[in-house]
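Working through the structure, step by step
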Amino acid sequence: MSNIVRDSEVIELDGPPVFNLGEKVKANRTVRNDGTYAGKEIGDVLAKKGEVGYVVSIGTFLQQFYVYGVEFLQTGNRVGMKCKELDSVDAGTELEGPLSREGPLS
């Protein structure tokens, strides 16, 4: 675990999440499998730059960052992404129905 590099000294968890459940977002960079996405080879593209999806879960990483579970419409991939990897498509857009496999969003 000594090879984990922190992006900054800022602790995102001191404030509320930037994105909300159900918010429409797009990837602002291409994201590849680093070996943590089951069923895909390391290096496979999980989300292309500009691909649109919806936030279906919000978790944390390293007690520092929010991680947004984003389900991308084009591929159906659900990818954990940091705030810096996402842009809001329409800040007022939220899901009208459940997209999450765990059940309805509240």
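Whatever comes next refers back to the structure up there.
Before going into details, it helps to say that this report is about the structure given with it. (Residues numbered from 1 in each chain as written. Predicted model: local features only at pLDDT ≥ 70, side-chain atom pairs only at ≥ 80, totals over all residues. Heavy atoms only, no water.)

Along the backbone of the chain there are zero helices and seven strands. For the chain, the sequential pattern of α-helices and β-strands runs β-β-β-β-β-β-β. Carbon and sulfur atoms form 49% of the exposed surface of the chain, whose accessible area is close to 6,700 Å². (Helix = DSSP H or I, 4+ residues; strand = E, 2+ residues; numbered from the N terminus. Areas by Shrake-Rupley, 256 points an atom, 1.4 Å probe, with all protein chains shown as cover.)

It is worth spelling out unusual backbone geometry at this point. The phi dihedral of L62 is positive, around 55 degrees, even though this residue is not glycine. Of note, L62 is situated in the loop between β4 (52-61) and β5 (65-72). Accessibility expressed as a relative area gives 22% for L62, which makes it partly exposed. If you check the backbone angles, Q63 has positive phi at about 50 degrees while not being a glycine. By relative accessible area, which is 71% here, Q63 ends up exposed. (Buried < 20%, exposed > 50% of the residue type's maximum accessible area, 1.4 Å probe, protein only.)

The analysis is restricted to geometry; functional conclusions fall outside its scope.
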